[in-house]
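Structural features, examined
Residue-level listing of the chains:
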Amino acid sequence: MPLALLALAVGAFGLGTTEFVMMGLLPDVADDLHISIPAAGHLVSAYALGVVIGAPLLAALTARLPRRRVLISLMALFVAGNALSALAPGYDSLLAARFLSGLPHGAFFGVGAVVATGLVAPERKARSVSLMFMGLTVANIAGVPVATLMGQHLGWRATFLGVSLIGVAAMAAVFFLIHPTHAPAPASGLRGEITALRSLPVWLALATTVVGFGALFSAYSYITPMLTGAAGYAGSDVTLLLALFGVGATIGNLVGGRLADHAMRGTLFGGLASMVAVLLLFPVLMRTEWGAALAVVLLGVAAFVTGSPLQLMVMERASAGPSLASSANQAAFNLANAGGAWIGGVALAAGFGVTSPAIAGAALAVLGLGVASVAYAVDRRQDALPTGHVRVVASHVPAPAEAVHS
């Protein structure tokens, strides 16, 4: 695998760290800015909103630019957003800075995935995407815990300054490790990108991402009350257990990338089926501490096995202009985050028990299998349609001379 993939992984590490670290810093930020915890929670939502809006918007605005320059520019925007977060004088300005920080997230992953697949042979495309995503999963193991500790001991502003430095390192890595010829301007331009996004298979692939990863976030959003309320862990143990989730996610990401290069659809269906099984086992596994730890790792593995296949499926269905669709898939991941958390919360509020969000997640994973099956059927039909359609038309259209005489 080319060293240039390291540059993309460094950027993904920074993006993953700043996305998830706010969850651990909410009490510190709330105390410092004299706001409530729910109000501080809006800072998480502001970042997610920035991702959803910024992913397709920035991918469209930069559709004609060389992708290497786009990646550096997106990281520069990321650095600016985190620096402004560190310097924000109050809640409103911090809210705006978090939104700004989220804008480049989806576009960087989307454009980066296209660049990554262009660096390797066709039979290693999924593996290249998984290596870039590894920066995101490793952020959950090392980046988020370290950044959280930094915020707790040096102040939350120091955390965002530190994340800004990761962004600067990513800019330098992209500049020095990715050659301009490996990330040129797209040949299709904006019109080609939009045309590719109009395809039904692309939208079915995006829907699979929303529903499939919604299953993950339905359970993961409420993992802390499950670990403390059902398994009996102390609140101080949760950080370590979340790092175990990152270990599982890293394993699943690497395994999924390798398997998807051999059988993309099979890996996707296997990952979704594994999520159904793991989430259904949550009520049983959460009865003991060792079972709960195993459940957290298995959830990470099962969920992230599907990451690379989903990203690659969207890109292949939009092969004429993949950057915009690839970035839209990152917006789909964040819609899954919001939607899954809402559905899990509904199950919890309904009084079905502390592990009920996992059962709701299992239902979403089953629905994801259904959407993926429809997408597979449509793909098979469209792959067979052009040849058959041409033959039928040719057999009924008269020659020009015959048409004139008739």
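Scope of this entry: the structure provided in the associated data block. Because the structure is predicted, anything quoted here is derived from the model rather than measured.

Each value, and the rule that gives it
Residues numbered from 1 in each chain as written. Predicted model: local features only at pLDDT ≥ 70, side-chain atom pairs only at ≥ 80, totals over all residues. Heavy atoms only, no water. Helix = DSSP H or I, 4+ residues; strand = E, 2+ residues; numbered from the N terminus. Buried < 20%, exposed > 50% of the residue type's maximum accessible area, 1.4 Å probe, protein only. Contact = heavy atoms within 4.5 Å. Areas by Shrake-Rupley, 256 points an atom, 1.4 Å probe, with all protein chains shown as cover. Lys, Arg positive; Asp, Glu negative; His and termini not counted. Charge placed at Lys NZ, Arg CZ, Asp CG, Glu CD. Axes fitted to C-alpha atoms, helices over the stretch in contact; angles between N-to-C directions. Parallel < 35°, antiparallel > 145°, perpendicular 65-115°, else oblique. Left-handed = near helix turned anticlockwise from the far one by under 90°. Nonpolar A, V, L, I, M, F, W, Y, C, P; charged D, E, K, R; others polar. Patch = residues over 30% accessible without salt bridge, like charges linked within 9 Å, V, L, I, M, F, W, Y side chains within 5 Å. Salt bridge = Lys/Arg side-chain N within 4 Å of Asp/Glu carboxyl O. Expected span 1.5 Å × (residues − 1). Bend = angle between axes of the 7 residues up to and from the residue. Phe/Tyr/Trp six-rings, centres within 6.5 Å; stacked < 30°, edge-to-face > 60°. Core = buried A, V, L, I, M, F, W, Y, C linked by side-chain atoms within 4.5 Å.

With that settled, the discussion passes to the overall build of the chain. For the chain, the count of helices and strands is 16 helices and 0 strands. Its C-alpha atoms put the chain at 85 × 45 × 35 Å along the principal axes. When the 406 residues of the chain are sorted by exposure, 53% land in the buried category. Long-range pairs, those at least 24 residues apart, make up 84% of the contacts in the chain with a sequence separation of at least 6. Accessible area of the chain: about 16900 Å², with a carbon and sulfur share of 71%. If the 18 positive side-chain charges of the chain are averaged to one point and the 14 negative ones to another, these points end up 12 Å apart.

Moving on to the packing of helix H1 (residues 4–33) against helix H4 (residues 91–118). At a minimum axis separation of 10 Å, H1 and H4 run at an interaxial angle of 160°. Judged by the angle between their axes, H1 and H4 are roughly antiparallel. Seen along the crossing, H1 lies across H4 with a hand that is left-handed. Residues Leu5, Leu8, Gly11, Ala12, Leu15, Thr18, Glu19, Met22, Val29 and Leu33 of H1 form the contact with H4, whose participating residues are Tyr91, Leu94, Arg98, His105, Phe108, Phe109, Gly112 and Ala116. Of the residues in the contact of H1 with H4, the class split is 12 nonpolar, 4 polar and 2 charged.

Moving on: a nonpolar patch on the surface. On the surface, Leu3, Leu6, Phe175, Phe176 and Leu177 cluster together into a nonpolar patch covering about 530 Å² of accessible area. Per-element tally for the nonpolar patch: the top contributor is helix H6 (residues 156–177), with 3 residues.

With a phi angle near 60°, His34 is a residue other than glycine that sits in the positive phi range. Within the secondary structure layout, His34 lies in the loop between H1 and helix H2 (37–61).

Before going further, it helps to examine H1. The terminal C-alpha atoms of H1, which comprises 30 residues, lie 41 Å apart, in line with the 44 Å expected from a rise of 1.5 Å per residue. The largest bend in H1 amounts to roughly 65° and is located at Leu25, with the proline Pro27 lying one to four residues further along. H1 sits mainly inside the fold: 21 of its 30 residues count as buried. Of the residues flanking the end of H1, it is His34, one or two places downstream, whose phi is positive at about 60°.

Applying the stated criterion across every chain yields a total of 5 salt bridges. Between Asp32 and Arg157 there is a salt bridge; the shortest N-O distance is 3.9 Å. Taken as a pair, Asp32 in helix H1 and Arg157 in helix H6 lie far apart in primary sequence, 125 residues in all. Relative accessible area serves as the criterion here: at 40%, Asp32 is assigned to the partly exposed category. Arg157 sits in the partly exposed class, given a relative accessible area of 26%.

Looking at the element boundaries, Ser130 is found in helix H5 (residues 125–154). The contact partners of Ser130, leaving out residues within four places of it in the chain, are Asn253, Leu254, Gly257 and Ser308.

This paragraph deals with the packing of aromatic side chains. Aromatic ring pairs: the centre-centre distance and the angle between the two ring planes describe each pair. A complete count under the given rule lists 9 aromatic pairs for this structure. For the ring pair Tyr220 and Phe245, a centre distance of 4.2 Å and an interplane angle of 25° mean the geometry is stacked. Separated by 25 residues along the polypeptide, Tyr220 in helix H8 (residues 200–220) and Phe245 in helix H10 (residues 238–260) bring together distant segments of the chain. Relative to Tyr376, the ring of Phe269 lies with its centre 6.4 Å away and its plane at 90°, an arrangement referred to as edge-to-face. Of this pair, Phe269 sits in helix H11 (residues 264–285) while Tyr376 sits in helix H15 (residues 356–396), and the two are 107 residues apart along the sequence.

Contact pair H8 / helix H14 (residues 322–349): the axes reach a minimum separation of 7 Å and the direction vectors enclose 35°. When the axes of H8 and H14 are compared, the crossing they make is right-handed. Counting all contacts with H8, which are made through Val202, Leu206, Thr209, Val210, Phe213, Gly214, Phe217 and Ser218, the residues of H14 involved are Ala325, Ala328, Asn329, Ala332, Phe333, Leu335, Ala336, Asn337, Gly340, Ala341, Ile343 and Gly344. When its residues are assigned to classes, the contact of H8 with H14 shows 13 nonpolar, 7 polar and no charged.

Residues Phe213, Leu216, Leu227, Met275, Phe282, Met286 and Leu299 are the most contacted members of the largest nonpolar core, which totals 58 residues. Beyond its immediate sequence surroundings of up to four residues, Met286 is in contact with Ile223, Met226, Leu227, Ala230, Ala231, Ala292, Ala295 and Thr355. Among the nonpolar cores identified, the runner-up in size contains 39 residues, and Phe20, Leu74, Val79 and Val129 belong to it.

You can see Ala234 is positioned in the loop between helix H9 (223–229) and H10. Owing to a relative accessible area of 38%, Ala234 belongs among the partly exposed residues under this scheme.

Within the secondary structure, Gly340 sits in helix H14. What makes Gly340 buried here is its relative accessible area of 2%. Separated by 240 residues in sequence, Gly340 and Leu100 have C-alpha atoms that sit 24 Å apart. Beyond its immediate chain neighbours, meaning those up to four positions away, Gly340 contacts Gly214, Phe217, Ser218 and Leu364.

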